[in-house]
Amino acid sequence: MTHRVYMEEALKLALSCMGATSPNPPVGAVIVMGGEVLSRGRTGPYGSAHAEVAALRAAGKDLRGAEMYVSLEPCCHRGKTPPCTDAIIRAGIARVHIPVLDPNPLVAGKGLLALRSAGVDVVLQRDAAPAASDLIRPFKKYILRKRPFTLLKLAMTLDGHTATASGDSQWISNPYSRYYVHRLRSLCDAVVVGRNTLELDNPSLTVRYDEFPDEVLQAFNVDGFTLEGYDNYPVRSLLGPGEGLFGAREPLRIAFGLPDGMEGAHFFRTDKYLILESEERREALLRDNSGSSRIRRDQEEGRICFLPGETPVERVLAAQEELARRGLMFILLEGGGTLAGAFNDAGEIDQYMFVIAPKISGGGRGAVSGRGAGLMRESRILTNVSTARLKGDLLYCGYKEDYNFEMM
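Residues numbered from 1 in each chain as written. Predicted model: local features only at pLDDT ≥ 70, side-chain atom pairs only at ≥ 80, totals over all residues. Heavy atoms only, no water.

Lay out the layout of surface pockets with the relevant residues and their values.
Put simply, the second largest pocket is a space of about 490 Å³. Forming the walls of the second largest pocket are 17 residues, and the residues nearest its centre are N344, Y352, V368, S379 and R380. Looking at the lining of the second largest pocket, the elements with two or more residues in it are helix 14 (337–345), strand 14 (351–357) and strand 17 (393–399). (1 Å grid on protein atoms, 1.4 Å probe; cavity = no way out; pocket = protein on both sides within 12 Å on 5 of 7 lines; lining within 4 Å. Points joined across faces, edges and corners; volume = space filled by probe spheres on them. Helix = DSSP H or I, 4+ residues; strand = E, 2+ residues; numbered from the N terminus.)

Printed below as a string of structure tokens:
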């Protein structure tokens, strides 16, 4: 097996724990000796073992002279757990392969230097750097800007509408595109919708693979779909066979604004939700006889947050700070145009993912509203653009800006 094959295993392990490690980055590690894979590890929930330590524990034998392939530079500082570099050195690992450095200023090359100073050979596996960088984009924004990475996903008609004039939106996209979105949800910390979407669609915001027919499951798990343009590692993985990569983990449900009369909504079926409301609505909600008891309980238990700010942009920025404070690193913005416009105006959308269906509604709700650009030349230009054909639908995605990772 080649170095790339071992690193690909580490990358898959990292992908498989996305959304379950925050605020730590998702990392995978593979230990190899004499051409044999001894063990594998991935980062666990916050406060538990990192990928390197998990792999070391799973090996269960003398590791002197072994090699480790890890999807991110090992940490060298004490947080909730001891430094991974110390564990690697103690275990006698002879060589560590890494594709990218850790963007955390507490590490950022220091882990590499600590290993080399102890006599461990460190190999920078540059061919895997783009894929590894894609996996830690959410962590990079979170650790450097103290805000969650935000991906906007919208399904829209060919003429640019996310619902008809009456508000109907089910379904714009085909089952293949919807299955793709369920996979995507499994990688996120939270799914966010606005007040209008919550009221009109009563969404479940869950991962429900069992709702799709066999032909859809086979299209992904056996054949897969081809990605064109930028070879985005998570997006490409979501389009192909993903056994063991995309579980049915339920992300946190977040409502940006609370409609009236939603007591029986799917949103409230369990306590895994968060309501973000404006300060100006606090008194009205607490005074409302029909829902004040639940609002007070949610406030006591931390499931509602009243945001400062006089404008939608100010409230978005306040929300992002609050979500980061709660340790959320990767959020999926799913609806609708008003909420998307506020996040877009605030500059808080990092990745745009549109599913464009071959349908013409002839009118209806726009995809992204808000203040927007005054001139076409002021429009946001996306980078690292990828596309895929999901039967009749077109998946189109790109990033607000290019995240470059310096290698040593």
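I'd like a rundown of the confidence of the model for the chain, residues and numbers included.
It should be kept in mind that the predicted coordinates are not to be read in detail where pLDDT is low. Of the residues in the chain, 96% have a pLDDT of 70 or more, and the chain-wide mean is 89. Long-range and interchain partners of residues 403–408, a stretch whose pLDDT sits below 50, account for 22 contacts in this model, where long-range means more than four residues apart. (pLDDT = per-residue confidence, 0-100. Contact = heavy atoms within 4.5 Å.)

Hey, could you go over the packing of aromatic side chains for me, with residue numbers and the actual values?
As enumerated under the stated definition, the model contains 12 aromatic pairs in all. Arranged with centres 5.1 Å apart and planes meeting at 85°, the rings of F267 and F268 form a pair that is edge-to-face. An aromatic cluster of three or more residues is present, and its members are Y176, Y179, Y209, F212, F220 and F225. Across the ring face of Y399, the terminal group of R137 is positioned such that the distance to the ring centre comes to 3.6 Å. One residue, K391, lies across the ring of Y176, its end atom 5.3 Å from the ring centre. (Phe/Tyr/Trp six-rings, centres within 6.5 Å; stacked < 30°, edge-to-face > 60°. Lys NZ or Arg CZ within 6 Å of the ring centre and 35° of its normal.)

Give a detailed account of the sheet that holds strand 3 (residues 67–70), specifying residues and quantitative values.
Strand order in the open sheet formed by 5 strands is 2-1-3-4-5, and the pairing between neighbours is mixed. What marks the edges here is a single partner per strand, and that holds for strand 2 (36–42) and strand 5 (121–124). When strand polarity is set aside, the average angle formed by the axes of neighbouring strands in this sheet is 20°. Bridge count between strand 1 (residues 28–33) and strand 2: 6 bridges; the pairing is antiparallel. Directly across from A29, in strand 2, lies its bridge partner G41. Contacting strand 1, strand 2, strand 3 and strand 4 (95–98), helix 1 (residues 3–16) crosses the sheet at an angle of about 150° to strand 1. Helix 2 (residues 51–59) contacts strand 1, strand 2 and strand 3 of the sheet and is inclined by roughly 135° relative to strand 2. (Pairing = 2+ DSSP bridges. Axes fitted to C-alpha atoms, helices over the stretch in contact; angles between N-to-C directions.)

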